[in-house]
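A closer look at the structure
Single-letter residue listing:
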Amino acid sequence: MATRTKPTTSSKEDYTNSKHDAFEKGEFHLSYKNEMHFYDLVKQGNIEELEALKPKLIVKGQGVLSEDKFRNIQYHFVVATALIVRFCIEGGLPKESAYTMSDVFIRRMDKMWEREDVEALHHEMVLTFAKSMRELKKNSGSSLYIRKSIDYITSHYQEPIKVSDIATFLGLSEKYLSTLFKKETGQTLVSYIEHVRIEEACSMLTYTDLSYAEIAESLSFNSHSYFTKIFKKNIGLTPMQYRIKHQAAKFTI
């Protein structure tokens, strides 16, 4: 009798699917680590993943801030906005811009009377801040080609990107693009791709329980050992040392 084998998925797919499942079950905000990872996605300007996840403002198991159901939603909107502002300022968004955006969204919410409208505004607010962070990162390079290169890397960093892939996408020669990127940003394309992946690895080490090998695979590093080597070169700590240090840290408003 033939043995039926269970279909397998990559750690990258498992990581993405687990987050989608959490949202579907209304459990995303029940986990401190997952909640902080959500705010980190906004800070990174990861529009694609936020669009896919469509995080809800109020979910099962979340704290009650008011006995009045609609006022409870309003309070949670203000808290979510305040946390996003904090994360984005830490990511480099100018304080004045961040607080102005926050005020605008809170004033808009204050004029609403339906839960569905506040939920929709929450989604809009999340994406608006994420787009601002994406633009902030893109503007580090002044030319159109550099901005498009950064945008491409931000959207494809989990894939095994090559400089030739970006050059082909932009219709440029690999040599010209590499020279232009180095001139305008002060770093090579390879080192920038590495930086983006390591930034995401830091988030995953802090906010998930994925193994080091799974994180390496999900970010398209050739091997666990190579991931460890590159991580330590960029951060000054091994992935294990970083996880121990940052998962122990307490988050306070």
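Structural data are supplied above this passage.
The notes below deal with the structure included here. Keep in mind that this is a model prediction, so the values were computed, not measured. (Residues numbered from 1 in each chain as written. Predicted model: local features only at pLDDT ≥ 70, side-chain atom pairs only at ≥ 80, totals over all residues. Heavy atoms only, no water.)

Moving on, we get to the overall build of the protein. From N to C terminus, the protein includes 13 helices and 0 strands. Moving toward the C terminus, one meets the helices and strands of the protein in the order α-α-α-α-α-α-α-α-α-α-α-α-α. Within the span of the protein, comprising 253 residues, buried residues form 43% of the whole. Taking the intrachain contacts of the protein between residues at least 6 apart in sequence as the baseline, contacts between residues at least 24 apart amount to 66%. Of the accessible surface of the protein, which amounts to about 14100 Å², a share of 53% is contributed by carbon and sulfur atoms. (Helix = DSSP H or I, 4+ residues; strand = E, 2+ residues; numbered from the N terminus. Buried < 20%, exposed > 50% of the residue type's maximum accessible area, 1.4 Å probe, protein only. Contact = heavy atoms within 4.5 Å. Areas by Shrake-Rupley, 256 points an atom, 1.4 Å probe, with all protein chains shown as cover.)

With that out of the way, let us pick up helix α8 (residues 163-170). Burial in α8 covers these residues: V163, I166, A167 and L170. Relative to the axis of α8, the buried residues are bounded by an arc of 100 degrees and lie together on one face. Away from the buried face of α8 by more than 90 degrees, exposed residues T168 and F169 are located. Where α8 is buried, its residues contact α7 (144-156), α9 (174-185) and α10 (189-207). Just downstream of α8 lies G171, where phi reads positive at about 75 degrees. (Arc of directions from axis to C-beta.)

Glancing now at the packing of aromatic side chains. Scanning the entire structure with this criterion turns up 8 aromatic pairs. Ring geometry for F38 and Y39: centres 4.9 Å apart, planes at 55 degrees, overall tilted. The same class applies to F38 and to Y39, which are both buried. For the pair F231 and Y242, a centre-to-centre distance of 5.5 Å together with 80 degrees between the ring planes defines the contact as edge-to-face. You can see F231 sitting in helix α12 (residues 224-235) and its partner Y242 sitting in helix α13 (residues 239-247), a full 11 residues away along the chain. (Phe/Tyr/Trp six-rings, centres within 6.5 Å; stacked < 30°, edge-to-face > 60°.)

On the surface, L65, Y75 and V79 cluster together to form a nonpolar patch covering roughly 250 Å² of accessible area. With respect to the secondary-structure elements, L65 resides in the loop between α3 (47-53) and α4 (69-90). (Patch = residues over 30% accessible without salt bridge, like charges linked within 9 Å, V, L, I, M, F, W, Y side chains within 5 Å. Salt bridge = Lys/Arg side-chain N within 4 Å of Asp/Glu carboxyl O.)

The subject of this paragraph is the side chain of R134. Inspection of the secondary structure assignment puts R134 in helix α6 (residues 115-138). There is a polar contact of 2.5 Å between the side chain of R134 and the side chain of D151. Ignoring any residue separated from it by four or fewer positions in sequence, one finds R134 in contact with G45, N46, I47, E48, D151, T154 and S155. (Polar contact = N/O pair within 3.5 Å; in protein donor to acceptor, adjacent residues only side chain to side chain.)

Using the criterion set out here, one finds 6 salt bridges in the structure. Residues E90 and R86 are paired through a salt bridge, measuring 3.5 Å at the closest nitrogen-oxygen approach. On the criterion of helical spacing, the pair formed by E90 and R86 is a turn pair, its members being 4 residues apart in helix α4. Exposure remark for E90: the relative accessible area of 47% places this residue in the partly exposed category. The salt bridge partner of E119 is R115, with a shortest N-O separation of 3.6 Å. Of the two residues, E119 and R115 are both situated in helix α6; the distance of 4 residues between them amounts to about one turn of the helix. The class for R115 is partly exposed, based on a relative accessible area of 37%. Ionic contacts of the salt-bridge type, sharing partners, join the residues E48, R134 and D151 into one network.

With that settled, the discussion passes to unusual backbone geometry. We note that S220 has phi near 65 degrees; this positive angle belongs to a residue other than glycine. Along the chain, S220 turns up in the loop between α11 (212-218) and α12. Taking the relative accessible area as the measure of exposure, S220 reaches 18% and is therefore buried.

Among the residues of α13, those classed as buried are P239, Y242 and R243. Buried positions in α13, seen along its axis, are confined to an arc of 100 degrees and lie on one side of it. Summarising the geometry of α13, the exposed residues directed more than 90 degrees from the buried face are I244 and K245. Contacts from the buried residues of α13 go to α10, α11 and α12.

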